Amino acid sequence: MSWRGSDYNSRSSPRSGGMSTSQNPYGKLPVEEPEEEDFIQKQIKLSRQQMDEQDADLGALADSVTRLGMHALEIGNEIETQNKMLNELDEDMDDAVSGLDLVTSKTK
């Protein structure tokens, strides 16, 4: 527990014979709270900076994921289109093979 110098100093000590602390050079305690508060403020500032950086990184990640999702949809659409084209080509090839088989059988 730390005492603020002014809180402690405003009391008179029985050892000092009722003297105020301004007369008692031993009545002051070292005040560490400003240093502690400074440390805490630095830690809070550092935490805020880290959270801001993380927010920026998460924003960039979200943008990348969105772009990736759009690319995946485009790839899926392209695959569907090419599958349709391949199916049509397969049907055309079946028709051509059937026609070729018919012509081949007539020539024998």
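Residues numbered from 1 in each chain as written. Predicted model: local features only at pLDDT ≥ 70, side-chain atom pairs only at ≥ 80, totals over all residues. Heavy atoms only, no water.

Draft legend 1. Just the overall build of the chain, in detail. Summing up its helical and strand segments, the chain has two helices and zero strands in all. Buried residues in the chain amount to 6% of all 108 residues. When the accessible surface of the chain is split by element, carbon and sulfur atoms take 56% of a total near 9700 Å². (Helix = DSSP H or I, 4+ residues; strand = E, 2+ residues; numbered from the N terminus. Buried < 20%, exposed > 50% of the residue type's maximum accessible area, 1.4 Å probe, protein only. Areas by Shrake-Rupley, 256 points an atom, 1.4 Å probe, with all protein chains shown as cover.)

Draft legend 2. Here's a closer look at the pattern of salt bridges. With the rule as written, the count across this model stands at one salt bridge. One salt bridge connects K42 with D38, and the closest N-O pair in it is separated by 3.5 Å. Taken together, the residues K42 and D38, both in helix α2 (residues 33-107) and four residues apart, mark about one turn of the helix. For K42, a relative accessible area of 52% gives the class exposed. (Salt bridge = Lys/Arg side-chain N within 4 Å of Asp/Glu carboxyl O.)

Draft legend 3. Highlighting a nonpolar patch on the surface. Side chains of F39, I40 and I44 sit close together on the surface and give an oily, nonpolar patch of about 270 Å² of accessible area. Here I40 lies in helix α2. (Patch = residues over 30% accessible without salt bridge, like charges linked within 9 Å, V, L, I, M, F, W, Y side chains within 5 Å.)

Draft legend 4. Region of interest: a negative patch on the surface. On the surface, E88, D90, E91, D92, D94 and D95 cluster together into a negatively charged patch. Taking the relative accessible area as the measure of exposure, D92 reaches 49% and is therefore partly exposed. (Lys, Arg positive; Asp, Glu negative; His and termini not counted. Charge placed at Lys NZ, Arg CZ, Asp CG, Glu CD.)

Draft legend 5. Quick look at the confidence of the model for the chain. Per-residue pLDDT for the chain averages 81, and the proportion of residues at 70 or more is 69%. Predicted confidence is poor over residues 1-16, with pLDDT under 50, and the contacts of this stretch with residues over four places away or in other chains come to 19 contacts. (pLDDT = per-residue confidence, 0-100. Contact = heavy atoms within 4.5 Å.)

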